[in-house]
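A closer look at the structure
Here are the chains, one letter per residue:
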Amino acid sequence: MRKILLALMILAVACGVAYAVSNSADAFMSLPWGHTFARTQRRMENSGATTVTPRKESLTMQGYFEGYQATFIFGFYKNKLLNAKSVYLKSMGDLEKDRQFYEALRKAYNVEYGSTGETPTASTRYSGKIALQNVWTPNRYTTITLAYNPEASKRFPGNSLSDRFVQIIYKYNKWD
């Protein structure tokens, strides 16, 4: 996990991403499975994220992930323990920077969890378009999915989750 965070920080500096905005990437990446709803919410709020939809079974927050506007979604097992977390990043409108950021994420995950190939999949949001997906299983209970949708790198992206160019989804199924 530290290698991923280090790679993200190096990329942000290299790409000139402003750190003047709050950054919830560290808090998101280091949240452990089994965290309670209240602790998850408090930790993300301490990193600058704001709560959008608090429910017992899920929590949606807005913030920044390495300079990109982000929507964070957390799922809780039996309304108590964190068992899923995902982040959806909004493009800044620069296709090349978006692609570089995705490549840095993919490389960092490959270093941390072993190489995996990109799988082109039909985009669920854009008819006739392809998204790239990578899946890692660091242990038998955890699955990490990184998806990149180049069609979502727009100058003026919308606010829908379908307009997000990168999605990172962590799922923990030990309790299921």
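Report follows, based on the coordinates. In this text the structure is predicted, and so the values were computed from the model without any measurement.

The next subject is helix α4 (residues 95–113). An ideal rise of 1.5 Å per residue puts 27 Å on 19 residues; α4 measures up with 27 Å between its terminal C-alpha atoms. Along α4, the positions that sit buried rather than exposed are Asp98, Phe101, Tyr102, Glu103, Ala104, Leu105, Arg106, Ala108, Tyr109 and Asn110. Its side-chain oxygen 3.1 Å from the backbone nitrogen of glutamate 96, aspartate 94 forms the N-cap of α4.

The next thing to look at is the sheet that holds strand β3 (residues 68–77). Strand order in this open sheet of eight strands is β1-β2-β3-β4-β8-β7-β6-β5, and the pairing throughout is antiparallel. Bordering the open sheet on either side are β1 (50–54) and β5 (119–122), each of which pairs with just one other strand. Strand-to-strand twist in this sheet, taken as the mean axis angle between neighbours without regard to direction, amounts to 25°. Two strands pair when backbone bridges link them, and β3 and strand β4 (residues 81–90) are joined in this way by eight bridges, in the antiparallel orientation. Along β4, the bridge assignment pairs isoleucine 73 with serine 86.

The subject of this paragraph is the pattern of salt bridges. The tally for this structure, following the rule as stated, stands at three salt bridges. With its nearest N and O atoms 3.1 Å apart, the salt bridge here joins arginine 99 to glutamate 103. Residue arginine 99 and its partner glutamate 103 are located together in helix α4, separated by four residues, close to a single helical turn. Using a relative accessible area of 30% as the deciding quantity, one classes arginine 99 as partly exposed. By relative accessible area, glutamate 103 is classed as buried at 16%. Residues arginine 106 and glutamate 103 are paired through a salt bridge, measuring 2.8 Å at the closest nitrogen-oxygen approach. Here arginine 106 and its partner glutamate 103 are both found in helix α4, three residues apart, which amounts to about one turn of the helix. Across the pair, glutamate 103 and arginine 106 agree in class, each one buried.

What counts, and at which threshold
Residues numbered from 1 in each chain as written. Predicted model: local features only at pLDDT ≥ 70, side-chain atom pairs only at ≥ 80, totals over all residues. Heavy atoms only, no water. Helix = DSSP H or I, 4+ residues; strand = E, 2+ residues; numbered from the N terminus. Expected span 1.5 Å × (residues − 1). Buried < 20%, exposed > 50% of the residue type's maximum accessible area, 1.4 Å probe, protein only. Polar contact = N/O pair within 3.5 Å; in protein donor to acceptor, adjacent residues only side chain to side chain. Pairing = 2+ DSSP bridges. Axes fitted to C-alpha atoms, helices over the stretch in contact; angles between N-to-C directions. Salt bridge = Lys/Arg side-chain N within 4 Å of Asp/Glu carboxyl O.

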